Amino acid sequence: MTDEQICEVVVTAADGEWLAGFTRRLVEDRLAACGHQTTAIRSIYRWEGAVHDDPEARVALHTRASLVGRIVARADAEHAYDVPCVLALPVTGGNPAYLEWVLAMTDQPG
């Protein structure tokens, strides 16, 4: 196993409850092993010519790099935003037992 197989996928949303449900669906479908959600973040960004300052929720999903495309597709289909924030960050190390667990929880049936 190489650590490059694992990544953390960050997703944000205005509605923390929606984001928790989205995370649950991803875990149920084995697209993510888990999600660690922070329900109160502040996002400052430029959108359609104006600077916005809004409360949001954020989840850090632990998954396989090979599943990122499917997570992006689900976010595009289910998210309220026109352009959902979905970022995949590489995992360069960690507890080997935890990394094995992430792989086991995201093993896709053949």
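Residues numbered from 1 in each chain as written. Predicted model: local features only at pLDDT ≥ 70, side-chain atom pairs only at ≥ 80, totals over all residues. Heavy atoms only, no water.

> Would you take a moment to explain the layout of surface pockets for this structure?
By rolling a water-sized probe across the atoms, one finds the places where empty space is left. Of the volumes computed, that of the largest pocket is approximately 280 Å³. As for the largest pocket, its lining consists of T12, S43, Y45, R46, W47, E56, Y81, D82, V83, P84 and C85. For the lining of the largest pocket, the leading source of residues is strand β2 (residues 34-47), giving four residues. Counted by class, the lining of the largest pocket contains six nonpolar, two polar and three charged residues. (1 Å grid on protein atoms, 1.4 Å probe; cavity = no way out; pocket = protein on both sides within 12 Å on 5 of 7 lines; lining within 4 Å. Points joined across faces, edges and corners; volume = space filled by probe spheres on them. Helix = DSSP H or I, 4+ residues; strand = E, 2+ residues; numbered from the N terminus. Nonpolar A, V, L, I, M, F, W, Y, C, P; charged D, E, K, R; others polar.)

> Looking at this model, I keep getting lost on the pairing of strand β3 (residues 50-64). Mind explaining?
Looking at chain direction, strand β1 (residues 6-13) and β3 are connected through eight bridges and run antiparallel. Across the sheet, the residue bridging to T12 is R58, located in β3. Of the pairings in the sheet, the one linking β2 to β3 comprises twelve bridges and is antiparallel in character. Note on β3: the bridge partner recorded for T38 is R58. Linking two consecutive strands that pair antiparallel, namely β2 and β3, is a turn of two residues; a positive phi of about 50° is found at E48 within it. (Pairing = 2+ DSSP bridges.)

> What is the right way to read the nonpolar core from this model?
Soluble, globular proteins show a tendency: their nonpolar side chains are buried together. Counting residues in hydrophobic clusters, the biggest one holds 17 residues, and the most contacted among them are V9, V11, L19, L26, L61 and I71. Elements that contribute at least two residues to this core include exactly β1, α1 (16-28), β3 and α2 (68-78). Ranked by the residues each element gives to this core, the list is headed by β1, at four residues. Setting aside residues up to four positions removed in sequence, V9 forms contacts with V59, A60, L61, T63, V68, I71, V86, L87 and A88. Listed in part, the six residues of the second largest apolar core include A33, V91, L99 and L103. (Core = buried A, V, L, I, M, F, W, Y, C linked by side-chain atoms within 4.5 Å. Buried < 20%, exposed > 50% of the residue type's maximum accessible area, 1.4 Å probe, protein only. Contact = heavy atoms within 4.5 Å.)

> Is there a simple way to think about the pattern of salt bridges in this case?
Where charged atoms from two side chains of opposite charge approach closely, those side chains can pair. Applying the stated criterion across every chain yields a total of four salt bridges. Across the pair E78 and R25 runs a salt bridge whose closest N-O atoms are separated by 3.0 Å. One end of the pair, E78, is in helix α2; the other, R25, is in helix α1, and 53 residues separate them in sequence. In this structure E78 comes out as partly exposed when scored by relative accessible area, which is 29%. Among the salt bridges present, the one from R74 reaches D29, with a minimum N-O distance of 2.9 Å. A residue pair is termed long-range when its members are at least 10 positions apart, and R74 in helix α2 and D29 in the loop between α1 and β2 qualify at 45 residues. Three or more residues are tied together by salt bridges with common partners; here these are R25, D29, R74 and E78. (Salt bridge = Lys/Arg side-chain N within 4 Å of Asp/Glu carboxyl O.)

> Would you explain a nonpolar patch on the surface in this entry?
On the surface, Y45, W47 and V83 cluster together into a nonpolar patch covering about 280 Å² of accessible area. Among the structural elements, V83 can be located in the loop between α2 and β4 (86-90). Judged by relative accessible area, V83 falls into the exposed class, the value being 54%. (Patch = residues over 30% accessible without salt bridge, like charges linked within 9 Å, V, L, I, M, F, W, Y side chains within 5 Å. Areas by Shrake-Rupley, 256 points an atom, 1.4 Å probe, with all protein chains shown as cover.)

Any functional reading would require information beyond the geometric quantities listed.
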